[in-house]
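Letter by letter, the chains look like this.
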Amino acid sequence: MDTLFYDLEKNISKIESIFGENADLVKRKIQIGDNSHNAYIVFIDGLANSKLIETTVIAPLVMGMKLTGETELNTNDILDFIIKTSILSSDIKKDNNFENIIKGVMCGDTIVFFDKCDSCLVVASRGFNSRGVPSTETEIVVQGPKDAFSESLRTNTMLIRRRIRDENLIISQTNVGTITKTDIAIIYVKSIARETVVSEVFERIKNINTDAILDIGYLEQFIENDYLSPFPQCQVTERPDKAASAVLEGRVVIMSDNSPFVLIVPCFISSFFQSPEDYYSRFEISSLSRIIRYTGAIISTILPGLYLAISLYSPNMLPKELLLKMANSREIVPFPAFVEMILMDGAFEILKEAGIRLPSAIGSTIGVVGGIIIGNAAVEAGLVSPIVVIIVALTAICGFTLPTISLNAGIRISKYIIVILSAFLGLLGFWAAILVIFIHLCSLKSFGFPYLYPFVSSDLNDYNDLKDTIIRPPIFFLKKRPIFAKPANREKW
């Protein structure tokens with residue numbers, strides 16, 4: 001785009017032709033100093049702090065600045081003079097490119113044009129409303145910090161800075177989206193993170209070609225390795241302590257303006273079973289919690305398919321008493337076991353979605369009461385057997401044991417694959433489905449790291465990363481950083 005004109009009126013015409021008749025664009029022409037010189041101020045109401053502009057920009061220019069007869073506005077020296085003596089802002093710079101100026105206006109900065117000057121001043125005045133620092137909603141812990149990320153990018157970077165007070169913490173900023181020009185922050189510790197991972201993150205973000213990034217979820221889908229996989233290859237969190245911990249491990253945190261969630265890369269499947277609370281509690285209870293999470297994930301994935309495979313094709317594997325009870329409960333059910341399972345599971349999925357969309361006070365009640373009423377009514381009507389209700393309910397409950405919701409999509413889709421193959425091929429289909437899922441997981445990578453690490457290839461880091469997987473050892477045993485960190489800076493202390 002063009003550079004600024006020497007004539008103030010031409011610059012005004014250019015700005016007005018670009019922005020048109022936007023109602024929220026504030027434009028004001030003022031006389032400065034001895035009233036013989038003109039200035040033109042532009043900012044967007046709502047994005048910029050108007051009170052701050054009045055006190056730090058307009059008032060000093062109109063009332064405080066005194067220009068002598070020898071001072072002319074046709075040189076850039078006058079801009080330096082104004083910066084030093086008039087405008088009361090710590091973040092101010094000169095610019096003469098219309099593209100940078102427009103970007104500054106859209107970000108909430110204030111632009112000050114001067115007559116007989118081919119440069120302008122860009123004054124930082126961002127002051128749009130935000131939620132401040134909210135509390136966590138999706139990753140709740142009993143013991144630990146309660147603060148969470150918000151939709152303000154600068155607030156989010158501040159939450160990381162509060163936790164990591166080191167000069168090696170790098171917060172690099174760029175923008176993505178030809179129309180939205182969304183601010184993206186890339187955060188890492190220069191002395192810990194691998195250069196190959198950092199450069200790969202920058203390269204993938206640079207290669208994004210889209211007109212809009214409205215949430216961090218957009219960014220995740222653009223930078224992940226395998227977009228066809230239901231398993232997340234980037235870790236999503238709303239917790240600043242979790243993001244800070246990841247940065248200290250050598251990982252990279254990616255933030256997007258207008259999103260209360262951030263991305264953590266690279267990640268392993270074991271990362272989704274770890275909660276920040278694991279490190280705030282004693283190692284015994286933390287290890288037990290992790291065992292419960294892994295057990296819950298396995299049950300929610302394989303239980304419905306295993307039930308169908310055994311009850312339909314291998315009933316002789318069950319004890320005689322249990323087999324007779326299952327046969328009696330299914331005697332009046334008009335549907336095949338596969339259809340019965342799909343109907344009941346579908347009803348629970350609908351209830352789950354309804355509970356999420358409703359207000360929190362009503363949603364939890366709908367989920368519990370609706371599940372009890374529908375399950376009981378379906379059994380009494382003879383549409384489903386009681387054991388199917390138990391299996392579907394247990395599967396749903398076990399799915400909620402994970403500390404993050406990112407992995408739920410992969411578990412749910414894997415569950416349906418196992419159910420379908422088990423219903424048609426029995427135990428052969430059950431084990432074939434599990435084999436297919438494991439092959440797929442083995443093929444996945446997250447920014448060059450195996451997705452199943454450290455359960456596979458753990459020798460790459462001398463088996464140290466196996467210590468903090470299913471069992472959480474005492475905190476003083478974790479002396480080495482994971483494989484994400486530079487080999488030369490693997491020691492914590």
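Above this note sits the structure.
Since the structure is predicted, the reported quantities are computational estimates derived from the model, not experimental observations.

Conventions used here
Residues numbered from 1 in each chain as written. Predicted model: local features only at pLDDT ≥ 70, side-chain atom pairs only at ≥ 80, totals over all residues. Heavy atoms only, no water. Helix = DSSP H or I, 4+ residues; strand = E, 2+ residues; numbered from the N terminus. Rg over C-alpha atoms; globule rule 2.2 N^0.38 Å. Areas by Shrake-Rupley, 256 points an atom, 1.4 Å probe, with all protein chains shown as cover. Lys, Arg positive; Asp, Glu negative; His and termini not counted. Charge placed at Lys NZ, Arg CZ, Asp CG, Glu CD. Pairing = 2+ DSSP bridges. Axes fitted to C-alpha atoms, helices over the stretch in contact; angles between N-to-C directions. Buried < 20%, exposed > 50% of the residue type's maximum accessible area, 1.4 Å probe, protein only. Arc of directions from axis to C-beta. Phe/Tyr/Trp six-rings, centres within 6.5 Å; stacked < 30°, edge-to-face > 60°. Lys NZ or Arg CZ within 6 Å of the ring centre and 35° of its normal. 1 Å grid on protein atoms, 1.4 Å probe; cavity = no way out; pocket = protein on both sides within 12 Å on 5 of 7 lines; lining within 4 Å. Points joined across faces, edges and corners; volume = space filled by probe spheres on them. Nonpolar A, V, L, I, M, F, W, Y, C, P; charged D, E, K, R; others polar. Parallel < 35°, antiparallel > 145°, perpendicular 65-115°, else oblique. Contact = heavy atoms within 4.5 Å.

Draft legend 1. Fine view of the overall build of the protein. Scanning the protein from terminus to terminus reveals 15 helices and 12 strands. Compactness check: the protein gives a C-alpha radius of gyration of 30 Å against a globular reference of 23 Å for 493 residues, more than 25% above the reference. The dimensions of the protein, computed from C-alpha atoms along their principal axes, are 105 × 55 × 35 Å. Of the roughly 24500 Å² that the protein leaves accessible, carbon and sulfur atoms contribute 60%. Averaging the locations of the 47 positively and 53 negatively charged side chains of the protein gives two centres separated by 6 Å.

Draft legend 2. Structural view of the sheet that holds strand β3 (residues 92-95). The strand order β1-β2-β4-β5-β3 describes an open sheet built from 5 strands, whose pairing is antiparallel. Strands with a single pairing partner mark the edges of an open sheet, and in this sheet they are β1 (25-32) and β3. Each neighbouring strand pair of the sheet contributes to a mean axis angle of 25 degrees, computed without reference to strand direction. The sheet contact formed by strand β4 (residues 110-114) and strand β5 (residues 120-123) spans 4 bridges and is antiparallel. Note that in β5 the partner of V112 across the bridge is L121.

Draft legend 3. Representation of helix α3 (residues 77-85) in the model. If you check which residues of α3 are buried, you get I78, L79 and I82. One face of α3 carries all of its buried residues, which in axial projection span an arc of 105 degrees. Away from its buried face, by an angle of more than 90 degrees, α3 presents the exposed residues D77 and K84.

Draft legend 4. Focus on the packing of aromatic side chains. In the structure shown here, the tally under the stated rule is 11 aromatic pairs. On the numbers, 6.4 Å between centres and 90 degrees between planes, the contact of Y294 with F455 is edge-to-face. Residue Y294 is located in helix α9 (residues 283-313), and its partner F455 is located in the segment after β12 (449-450); the two are separated by 161 residues in the primary sequence. Owing to a relative accessible area of 12%, Y294 belongs among the buried residues under this scheme. On the accessibility criterion, F455 (38% relative accessible area) is partly exposed. Consider the rings of F430 and W431, whose centres lie 5.1 Å apart with planes at 80 degrees: the pair is edge-to-face. Given the relative accessible area of 2%, F430 is considered buried. Looking at W431, the relative accessible area reads 55%, which means it is exposed. Put simply, the rings of F268, F449, Y453 and F484 pair up and form one aromatic cluster. A cation sits over an aromatic face here: K14 above F98, 5.8 Å from the ring centre.

Draft legend 5. Empty space enclosed by the protein, seen in detail. One pass over the structure, following the stated rule, counts 1 cavity of 30 Å³ or more. In this structure, the largest cavity spans a volume of roughly 40 Å³. If you trace the largest cavity, you find it lined by P304, M341, I342, D345, K415, Y416 and V419. Going through the elements one at a time, α11 (337-357) and α14 (408-425) are the ones with two or more residues in the lining of the largest cavity. For the lining of the largest cavity, the per-class residue count stands at 5 nonpolar, no polar and 2 charged.

Draft legend 6. Layout of the packing of α9 against α14. The N-to-C vectors of α9 and α14 enclose an angle of 10 degrees; their axes lie 8 Å apart at closest approach. In terms of their interaxial angle, α9 and α14 are classed as roughly parallel. Residues A297, S300, T301, I302, P304, G305, L308, A309, L312 and Y313 of α9 form the contact with α14, whose participating residues are I411, S414, K415, I418, V419, S422, A423, F424 and L425. Its residues assigned to classes, the contact of α9 with α14 comprises 13 nonpolar, 5 polar and 1 charged.

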